[in-house]
Amino acid sequence: RYQSILQMLVPQGKPVLFTGGAGVSKTATMLQYLQSLDMESYALKMTPFSFVTTAEIFQRTLESCVEKRQGKTFGPPGGKKCAFFVDDISMPIIN
């Protein structure tokens, strides 16, 4: 089910958020899908959240794979599309 949702939404440039309990293969499905993307067309960035992740760390991580274009506009270099994978978004306590 997750795979078909990704195949439908990602090519259209839509954001995707998976929720569910532990062990339902959200991360494994996402990693498998990201590995199947054309690396010449996509810039990929994967980052896990943890109890030590701050807003500054997260922002620097996202900015590390984009370039400033004009004003407040940022985008991936070389005319690529950018795919960000953030794992464990709601991890509120030490794992």
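A closer look at the nonpolar core
Move 1: Core analysis: the biggest nonpolar cluster contains 11 residues, these being Tyr-2, Leu-6, Val-10, Phe-18, Met-30, Tyr-33, Leu-34, Leu-37, Tyr-42, Ala-83 and Phe-85.
Move 2: Among the elements that take part in this core, helix α2 (residues 26–36) stands out by supplying three residues, more than any other.
Move 3: Leaving out residues up to four positions away in the same chain, Tyr-33 has contacts with Gln-3, Leu-6, Gln-7, Val-10 and Pro-11.

Thoughts on the environment of Val-86
Move 1: Looking at the secondary structure, you find Val-86 in strand β4 (residues 81–87).
Move 2: Considered as a pair, Val-86 and Thr-47 are 39 residues apart in the sequence and their alpha carbons are 5.1 Å apart.

Notes on the layout of surface pockets
Move 1: There is about 970 Å³ of room inside the largest pocket.
Move 2: For the largest pocket, the lining is made up of 33 residues, of which Val-16, Leu-17, Met-30, Phe-85 and Val-86 are closest to its centre.
Move 3: At the level of secondary structure, the elements contributing two or more residues to the lining of the largest pocket comprise α2 and β4.
Move 4: Ranked by residue count, the leading element in the lining of the largest pocket is β4, at seven residues.
Move 5: For the lining of the largest pocket, a count of residues per class yields 20 nonpolar, eight polar and five charged.

What counts, and where the lines are drawn
- Residues numbered from 1 in each chain as written.
- Predicted model: local features only at pLDDT ≥ 70, side-chain atom pairs only at ≥ 80, totals over all residues.
- Heavy atoms only, no water.
- Core = buried A, V, L, I, M, F, W, Y, C linked by side-chain atoms within 4.5 Å.
- Buried < 20%, exposed > 50% of the residue type's maximum accessible area, 1.4 Å probe, protein only.
- Helix = DSSP H or I, 4+ residues; strand = E, 2+ residues; numbered from the N terminus.
- Contact = heavy atoms within 4.5 Å.
- 1 Å grid on protein atoms, 1.4 Å probe; cavity = no way out; pocket = protein on both sides within 12 Å on 5 of 7 lines; lining within 4 Å.
- Points joined across faces, edges and corners; volume = space filled by probe spheres on them.
- Nonpolar A, V, L, I, M, F, W, Y, C, P; charged D, E, K, R; others polar.

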